[in-house]
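Coordinate inspection notes
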Amino acid sequence: MQNGDKIKVFLVDDDALFLKSLEIEFLQHADFAIETYATGERCIENLSHKPDVIILDYHLDGIVTNAMNGLETLAKIKTYTPDTPVIMLSSQDKIEVAINCMHHKALDYVVKSETSFMRLQKIITSIFQFKKMEKELNWYMERM
C-alpha cells in the first residue's frame with residue numbers, strides 16, 4: 001500500500017457520472033487514494049503509479065469507439081502487474097459474463113447498482129485482510 005495506510009485504487013469506467021459517484025463514495029466513506037480513468041488505455045499508461053487494486057468496467061467504448069474493452073484491459077494489466085487484484089464492474093447481470101471475467105483472472109465481478117460501492121468496499125477489505133494474514137503467516141513460518 002502507498003500513501004501511508006491508504007489503499008490506492010484505480011477506478012476505470014467510461015460512464016463519467018458513475019465514475020464520479022463511485023469516486024465520491026470511496027473518498028467519503030473510507031481512507032483510499034483514488035485515481036480515475038475513462039479508458040483502459042489511460043489505466044495501462046499509469047500502472048507505474050502502482051495501484052493496490054483496480055476496479056475495471058467491462059465495457060469501455062462509450063467515449064472512444066475503438067477503445068480497449070474491459071477484458072482487453074484486464075489482459076494487459078495481468079501482463080504488466082499479474083499480482084494486482086482487478087475487480088470487474090458491469091451493468092450486465094449475466095453469469096456468462098462474470099465467468100468470462102474470472103477466466104481472464106479477475107478477482108471478482110460486481111454488477112452496477114445502488115449497492116455497488118458497499119460490495120466493492122467489502123471485497124477490498126477482504127483482499128487486504130487476507131494479505132495481512134498471509135504476511136503474518138509468512139513471518140511466523142520464517143521463525144520456525
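The present account deals with the structure reproduced in this document. All values derive from a computational prediction rather than experimental measurement.

Brief notes about the sheet that holds strand β4 (residues 86-90)
Here five strands make up an open sheet; going across it, the order is β2-β1-β3-β4-β5 and the pairing parallel. The sheet is open, and its two edges are formed by β2 (32-37) and β5 (108-111), each paired on a single side. Looking at each pair of strands side by side, their axes are set apart by 20° on average, direction ignored. Bridge count for strand β3 (residues 53-57) against β4 is four bridges, and the pairing is parallel. Opposite I54, over in β4, you have V86 as the bridge partner. The strands that helix α4 (residues 95-103) touches are β4 and β5; relative to β5, the one it contacts most, it runs at about 150°.

Points about the packing of aromatic side chains
The way to describe two aromatic rings as a pair is by their centre distance and the angle between their planes. Scanning the model with the defined rule gives three aromatic pairs in all. Aromatic side chains F26 and F32 sit 4.9 Å apart centroid to centroid with 85° between the ring planes, which places their arrangement in the edge-to-face category. Given a relative accessible area of 0%, F26 falls into the buried group. Given the relative accessible area of 8%, F32 is considered buried. Between F26 and F117, the aromatic rings sit 4.9 Å apart at their centres with planes inclined by 85°, giving edge-to-face as the arrangement.

Definitions and limits used
- Residues numbered from 1 in each chain as written.
- Predicted model: local features only at pLDDT ≥ 70, side-chain atom pairs only at ≥ 80, totals over all residues.
- Heavy atoms only, no water.
- Pairing = 2+ DSSP bridges.
- Helix = DSSP H or I, 4+ residues; strand = E, 2+ residues; numbered from the N terminus.
- Axes fitted to C-alpha atoms, helices over the stretch in contact; angles between N-to-C directions.
- Contact = heavy atoms within 4.5 Å.
- Phe/Tyr/Trp six-rings, centres within 6.5 Å; stacked < 30°, edge-to-face > 60°.
- Buried < 20%, exposed > 50% of the residue type's maximum accessible area, 1.4 Å probe, protein only.

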